[in-house]
Amino acid sequence: MDQHSTPVFDGLLKYKADQHFSFHVPGHKDGLVFPEKATAIFRQLLSIDATEVAGLDELYHPAGILRDGEKLLSDYYGTRASYFLVNGSTAGNLIMVLAACRRGDAVFVARDSHKSIFNALKLAGVRPVFLSPAVDADTGLATGVDDSAWEAAIRRFPKPKALILTYPNYYGMAASAARTLIAKAHACGAAVLVDEAHGPHFRLGAPVPPSTLDMGADLVVHSAHKMLPAMTMGAFLHVNSNRVAKERVTSAREMMQTSSPSYPIMASLDLARYYLAHLSSGQLNEWITHRNQFVKGLQRLKKIKVMEAEPGQFLLDPFKITLELKTEETGFDFQKQLLAAGIYPEMADPHRVLFTLGLTGRIDYKTALGKIGACLFKFHQGRAYELKSSYVFPMWSTLECPYDELDRMERKKTDLDHAAGQIAAEHVIPYPPGIPIIVQGERITKVQIGAVKNWLTAGAAFQNESINQGKITIYRAGAL
Ligand SMILES: Cc1ncc(COP(=O)(O)O)c(C=O)c1O
């Protein structure tokens with residue numbers, strides 16, 4: 001196909017040129033009606049901020065520019081079908097699970113999944129079996145489910161309907177076990193759904209890790225907005241086989257998304273695909289060389305360590321850079337200094353700061369490097385703390401009772417010390433490693449409570465306010 005064309009973007013330009021009177025939504029009338037103080041910033045974008053009006057096609061029944069844009073997308077990724085999403089990988093994950101699973105199905109799920117996957121499991125009413133990912137000895141980070149968790153679970157639950165993986169993780173670690181797991185899942189008839197939110201550029205070739213689309217995954221979600229030049233909320237959903245009926249995917253897509261999709265977002269998705277399709281290997285090499293020089297400079301800074309790949313265990317996305325602190329100060333302290341210097345990282349955890357690079361050679365890494373070095377100047381070499389917890393995540397675990405039974409129970413807060421034997425009504429996730437110590441719906445054990453306390457002492461961050469105060473929400477016996 002002609003990857004030079006950008007049908008969605010071109011269609012919007014035509015709309016802009018043709019239209020003289022807007023007697024339709026949105027209410028800003030192509031930017032005519034807008035608060036004066038914001039007009040200068042918004043004007044250009046509002047002039048193409050249309051939704052489904054005549055000539056601009058329909059997202060859920062495409063027959064024009066959106067059909068053409070999605071066909072080009074599918075052609076670039078080599079899929080059976082690919083779709084634009086306007087509500088991020090969050091919507092994509094909900095759609096994948098609802099399309100592939102039916103109520104009561106046994107589904108294998110990576111324990112370190114994004115919360116949208118947990119929400120999807122609940123919505124679909126499946127029976128999840130949570131598989132624990134391997135933990136990298138060097139960094140303490142979860143690197144993805146490996147073979148041993150699969151083997152342990154498959155002995156007990158021989159007929160899973162689906163396997164749900166995250167690949168790569170937030171830090172860009174792409175588990176080497178993914179290929180084997182996909183083959184094993186297919187061998188026992190399970191569909192493989194992959195949350196590849198952080199890997200929409202994984203079709204670029206080495207040194208960028210391979211996409212699970214190339215390993216035969218059946219449904220794959222990409223947050224285009226995370227790593228490609230696409231607008232926030234723009235994402236892709238790919239159907240890569242006929243294991244899951246396309247009709248179920250399209251129907252779930254309509255159920256989980258707005259009926260007024262944003263055309264600027266979809267045009268940016270069209271342009272992101274165009275950008276990828278036009279990238280030459282020479283250009284990619286140039287960017288990687290530029291990035292490698294930046295990394296070399298970072299490696300010269302004594303108070304940080306740049307995370308490296310562990311061949312055999314995981315590959316690393318070169319467009320993610322994780323800096324591990326070798327100081328008494330934490331990743332959060334480092335982040336504070338960086339923000340003050342105008343450098344905005346993607347995120348921090350107690351030990352690290354993560355940078356997400358752009359697919360370009362245009363970033364002024366030299367100036368950034370000087371500022372990063374200055375931020376570390378007052379830090380003290382040493383170690384803030386060690387995570388001494390000996391807690392080992394169970395190879396697999398299940399919910400204490402089905403989601404709809406959990407849904408009928410009341411909730412209350414209780415002291416962590418009194419929570420053993422109760423059913424958890426919230427996930428308890430320390431960062432790092434970002435794997436739930438306790439999954440909502442699991443019966444809480446004394447060992448898990450000990451682990452939560454260990455992580456708290458070590459300074460790990462929990463998203464739950466209650467945990468930071470030594471409390472946890474549990475389900476109370478008795479139906480609502
Ligand atoms: C692994 C993973 N999956 C899904 C999501 C949700 O993506 P989005 O923000 O595109 O909805 C995130 C967000 O950070 C994520 O890290």
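In case you missed it, the structure is sitting above this.
Each chain has its residues counted from 1, following the order in which its sequence is written. Totals for whole chains, interfaces and linings use every residue, but because this is a predicted model, local features are given only for residues with pLDDT of at least 70 and side-chain atom pairs only at 80 or more, for both listing and counting.

S.K.: Looking at this model, I keep getting lost on the nonpolar core. Mind explaining?
M.R.: Here is a general trend for soluble globular proteins: nonpolar side chains tend to be buried in one another's company. Connectivity within a nonpolar core runs through C-beta atoms within 7 Å, and the core itself is a set of buried Ala, Val, Leu, Ile, Met, Phe, Trp, Tyr and Cys residues. Put plainly, a residue is buried at 20 or more neighbouring C-beta atoms within 10 Å of its own, exposed at 12 or fewer, and partly exposed in between, counting only other residues' C-beta atoms, which are placed from the backbone. Counting 116 residues, the largest nonpolar core has V97, L131 and I164 as its most contacted members. Two residues qualify as being in contact provided that their C-beta atoms, derived from the backbone, are within 7 Å of each other. Non-local contacts of V97, meaning those with residues more than four positions away in its chain, are made with A120, L121, A124, I164 and L193. Counting twelve residues, the second largest nonpolar core, distinct from the first, contains L325, V353, I372 and L376.

S.K.: Just checking my understanding: could you explain the environment of M307 for this structure?
M.R.: Here a helix means four or more residues in a row that DSSP labels H or I, a strand means two or more in a row labelled E, and each is numbered from the N terminus. Its location among the elements puts M307 in the loop between β11 (304-306) and β12 (314-316). Taking the C-alpha atoms as reference, M307 lies 21 Å from T360; in sequence the two are 53 residues apart. Not counting chain neighbours up to four residues away, the residues in contact with M307 comprise T139, Y171, L316, T322 and E324.

S.K.: Would you take a moment to explain the sheet that holds strand β16 (residues 396-398) for this structure?
M.R.: Two strands form a pair only when DSSP identifies at least two bridges running between them. With respect to topology, eight strands assemble into an open sheet ordered β1-β10-β9-β8-β6-β2-β3-β16, the strand pairing being mixed. The open sheet has two edge strands with one neighbour each: β1 (81-85) and β16. Between one strand axis and the next, the sheet turns by 20° as a mean value, whatever way the strands run. For β1 and strand β10 (residues 235-239), the ladder comprises five bridges, and the chain directions are antiparallel. Note that in β10 the partner of S82 across the bridge is H238. Every axis in this analysis is a line fitted to C-alpha atoms, fitted for helices over the stretch in contact. Angles between the N-to-C directions lie between 0 and 180 degrees. On the sheet, helix α7 (residues 178-187) packs against β6 (162-166) and β8 (191-195) and is oriented at approximately 170° with respect to β6.

S.K.: What's the story with the site of the ligand in this structure? I'm lost.
M.R.: We count a residue as near a molecule or strand when its backbone-placed C-beta atom lies within 6 Å of that partner. Around the ligand lies a shell formed by G88, S89, T90, H114, S116, T166, Y170, D195, A197, S223 and A235. Counting residues per element, the shell around the ligand draws most heavily on helix α4 (residues 88-100), which supplies three residues. Basically, the charged four are Asp, Glu, Lys and Arg, the nonpolar ten are Ala, Val, Leu, Ile, Met, Phe, Trp, Tyr, Cys and Pro, and anything else, Gly included, counts as polar. When its residues are assigned to classes, the shell around the ligand shows three nonpolar, seven polar and one charged.

S.K.: I'm lost on the pairing of β8 in this one. Help?
M.R.: For a regular strand, side chains alternate in direction, first toward one face of the sheet and then toward the other. Burial within β8 is extensive, with five of its five residues counted as buried. Of the two faces of β8, the one holding A191, L193 and D195 and the one holding V192 and V194 are both buried throughout. Relative to β8, β6 is paired through five bridges, and the arrangement is parallel. Note on β8: the bridge partner recorded for A162 is A191.

S.K.: Sorry if this is basic, but what is going on with the packing of α4 against helix α9 (residues 246-256) here?
M.R.: Across the interface, α4 lies against α9 with an axial gap of 8 Å and an inter-helix angle of 135°. By the angle between their directions, the pair α4 and α9 is classed as oblique. The handedness of the crossing between α4 and α9 is right-handed. Together, A91, L94, I95, L98 and A99 of α4 and R248, V249, A252, R253 and M256 of α9 make up the contact between the two elements. For the contact of α4 with α9, the per-class residue count stands at eight nonpolar, no polar and two charged. Should an angle fall under 35 degrees it is taken as roughly parallel, and over 145 as roughly antiparallel, whereas 65 to 115 is taken as roughly perpendicular and any remaining angle as oblique. Each crossing is labelled by how the near helix is turned from the far one, with a counterclockwise turn of less than a right angle marking it left-handed and a clockwise turn marking it right-handed.

S.K.: Help me out: how do you make sense of α7 in this one?
M.R.: Listed in full, the buried residues belonging to α7 are A178, L181, I182 and A185. Mapping the buried residues of α7 onto a view down its axis gives an arc of 100°, with all of them on the same face. α7 presents A183 and A187 as exposed residues on the side facing more than 90 degrees away from its buried surface. Downstream of α7 by one or two residues, G189 has phi in the positive range, about 85°. Think of the arc as the fan of directions from the helix axis to the C-beta atoms.

S.K.: I would appreciate a short explanation of unusual backbone geometry in the present structure.
M.R.: The phi angle of most residues is negative, glycine excepted, and most peptide bonds adopt the trans form. With omega at 5°, the peptide bond leading from V25 into P26 counts as cis. Relative to the elements of secondary structure, P26 occurs in the loop between α1 (7-18) and α2 (36-46). Residue P168 is reached from Y167 by a cis peptide bond, and omega for that bond is -5°. In this structure, P168 sits in the loop between β6 and β7 (173-175). Despite not being glycine, K29 has its phi angle at roughly 50°, a positive value. The residue K29 is located in the loop between α1 and α2 in this model. Its identity as a non-glycine residue notwithstanding, M233 has a phi of 90°, on the positive side.

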